[in-house]
Amino acid sequence: MNFTIQNVLIPQAEGYATVDVEIEGDRISGIASHLEVVGTAVDGQNKLLLPGFINAHTHSSEMWHRGLIPMLPLELWLAALYDITPLDPEQVYLSALGTAVETILSGGTSVVDHLVLIPGKELETIAAAVKAYREIGIRAFVAPLVQDESFAAGVPSGGSEKNYAAYFRSTAATLELIETAVKQFHRPDEGVYILVAPTGIQLSTDALFEGCIELSERYDLCRHSHLLETLAQQLLAQEKYGCSAVEHLKEIGYLSHKTSLAHCVWLNDSDIEILAQTQSTVVHNPLSNLRLGSGIAPILKYRQAGVNVTFGCDGASSNDSQDLLEAIKIGSILHNTTDRDYHHWITPLQAVEMASKGGAIGLNLGDELGAIAVGQKADLVLYNLTNLSLLPRTDPIGLLILGRPTQVVHSVWIDGKQIVADGKVKTINVDGLRQELFSRSQWYNNLQFPSVSPMEERYRTVMGLPDKSSV
Ligand SMILES: [Zn+2]
């Protein structure tokens, strides 16, 4: 589809310009103050055009239990999550749709879904998510979440004997599964990408990481992983490798310009230097870091060291939403408390660049995605500046990022195709989705999570917390 957005506000290095933006096919073909209309004319008056943001880390199926899991740190929260993880691919399909809708209506045009796989139905899980993302038309980076160590191995032993059951699927079978997924679903030309994505050092052997590196090279795939989300993981890395997790991942070759790493809360200065050298991307998930008490990632230090940083919502059971504008706001201003030199603080325009171009760079698409420039992919979001939450008229990006914008997305195009018009998603039936989410769920009353309690004693000991019985 060809179209021309007329008289629209776009940001510049300093201030704003009012321009026409012409789109031919899937790319921006012209930007000037007055252009001959190509294709459909779109009224951009009193609207702001930005490149689409990238929700650079989430787990879509967590949507089913948002707001439900008690206040727990990651390691115990995960035990609770395992008790309630959806086991039906149809649920995965619906929560992928829901995640995409919320991402798009908060300014996102891409999602990185670190997808939790249903045991025994792994390919069906991936197929369900891919089906949803294709239907709605979001640019989808599906990263099947894999591990090859059992859940108990993810908590430091604190010197006690490590005697964990083997994981139910072998490393070789897991790698075979990823390769099959790549062959079946990896279609970059159609906006669907498969990533290699071990869940993290806490539950993955070197053999799994090395196999993923090999697949990433053979099929030109991006790499994803959680990294040092919690203090417990930092302790575990020392137990496991005798060095930091970052040093170890560098050693085995996992870090690269096409590697994005979720969280990166517990890194030291030399780790940060390694991320800069290897051109790895940090995905900052401020809301889940706060919700799980994981800590505040040293984002200003990353930026000063030249590390590319972008934002994610993380799964909706640890956030508990998929509102990218909210994640970007908190992920920017949170760090003003960590550095008194306000020249280092993230400006609203920098936050927009991190969320768009920063995300694209982390997915090895920095040359063609994430900016409003001729030749870039037409993944665009048009914001309605007459919405009450963006009034009175001040600085549009300042208010979009620092304010509390509600229902401000007017139109969205992804790969040049219109996904949202007049604030409504056009490609799927959102009301039908709403009804499905309602009818397939329930209000819980004092739900119990039996897997948490057996983990607590070791966790509290290792983390230096008082004995459970004494509190
Ligand atoms: Zn995550």
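Structural notes, computed from the coordinates. All values reported here derive from a predicted model rather than from experimental measurement.

Another point: the overall build of the protein chain. Of the regular secondary structure elements, the protein chain holds 15 helices and 17 strands. The C-alpha radius of gyration computed for the protein chain amounts to 22 Å, which stays within 12% of the reference 23 Å derived for 471 residues, consistent with globular compactness. Overall size of the protein chain, expressed as C-alpha extent along the three principal axes, is 75 × 50 × 50 Å. For the protein chain, the residues scored as buried account for 51% of the 471 residues in total. Long-range pairs, those at least 24 residues apart, make up 75% of the contacts in the protein chain with a sequence separation of at least 6.

A word on the pairing of strand β14 (residues 380-384). In terms of burial, β14 is a largely internal element, 4 of the 5 residues being buried. The sheet contact formed by β14 and strand β15 (residues 409-414) spans 4 bridges and is antiparallel. Residue pairing in the sheet places Leu 382 in a bridge with Ser 411 of β15.

One open sheet holds the 4 strands; their spatial order is β6-β7-β8-β9, and the pairing between them is parallel. Every other strand in the sheet has two partners, leaving β6 (53-58) and β9 (192-194) as the edge strands with one partner each. When the angles between neighbouring strand axes are averaged without regard to direction, this sheet yields 15 degrees. In terms of strand pairing, strand β8 (residues 139-145) meets β9 through 3 bridges, oriented parallel. Bridge pairing links Phe 141 to Tyr 193 in β9.

Turning our attention to the packing of helix α4 (residues 171-185) against helix α5 (residues 206-219). Across the interface, α4 lies against α5 with an axial gap of 10 Å and an inter-helix angle of 25 degrees. As judged from the angle between their axes, α4 and α5 are roughly parallel. Viewed along their axes, α4 and α5 form a crossing whose handedness is right-handed. Between α4, through Thr 171, Thr 174, Leu 175, Ile 178, Glu 179 and Val 182, and α5, the contact on the second element is made entirely by Ala 207, Leu 208, Gly 211, Leu 215 and Tyr 219.

A few words now on unusual backbone geometry. With an omega of 5 degrees, the peptide bond between Asn 319 and Asp 320 qualifies as cis. The residue Asp 320 is located in the loop between β13 (308-311) and α11 (324-333) in this model. At the junction of Leu 391 and Pro 392, the peptide bond is cis and its omega measures out at -5 degrees in the coordinates. Along the chain, Pro 392 turns up in the loop between β14 and α13 (396-402). Even without glycine at this site, Asn 7 takes up a positive phi of about 55 degrees. Secondary-structure assignment places Asn 7 in strand β1 (residues 3-11). The class of Asn 7 is partly exposed, set by 15 C-beta atoms lying within 10 Å. With a phi angle near 60 degrees, Asn 446 is a residue other than glycine that sits in the positive phi range. Relative to the elements of secondary structure, Asn 446 occurs in the loop between α14 (430-439) and α15 (452-462). Here Asn 446 falls in the exposed class, since 4 other C-beta atoms lie within 10 Å of it.

Judged by pairing direction, the sheet is parallel, and its 4 strands sit side by side in the order β10-β11-β12-β13 without closing on themselves. Edge positions in the sheet fall to β10 (223-227) and β13, since each of these pairs with one other strand and no more. Neighbour-to-neighbour, the strand axes of the sheet open up by a mean angle of 30 degrees, direction not taken into account. Note: β10 against strand β11 (residues 259-263), 5 bridges, orientation parallel. Residue pairing across strands places Ser 225 opposite Leu 261, the latter belonging to β11. The strands touched by helix α12 (residues 348-362) within the sheet are β11, β12 (281-284) and β13, with β13 carrying the most contacts at an inclination of about 115 degrees.

Conventions we followed
Residues numbered from 1 in each chain as written. Predicted model: local features only at pLDDT ≥ 70, side-chain atom pairs only at ≥ 80, totals over all residues. Helix = DSSP H or I, 4+ residues; strand = E, 2+ residues; numbered from the N terminus. Rg over C-alpha atoms; globule rule 2.2 N^0.38 Å. Buried ≥ 20, exposed ≤ 12 C-beta atoms within 10 Å, placed from the backbone. Contact = placed C-beta atoms within 7 Å. Pairing = 2+ DSSP bridges. Axes fitted to C-alpha atoms, helices over the stretch in contact; angles between N-to-C directions. Parallel < 35°, antiparallel > 145°, perpendicular 65-115°, else oblique. Left-handed = near helix turned anticlockwise from the far one by under 90°.

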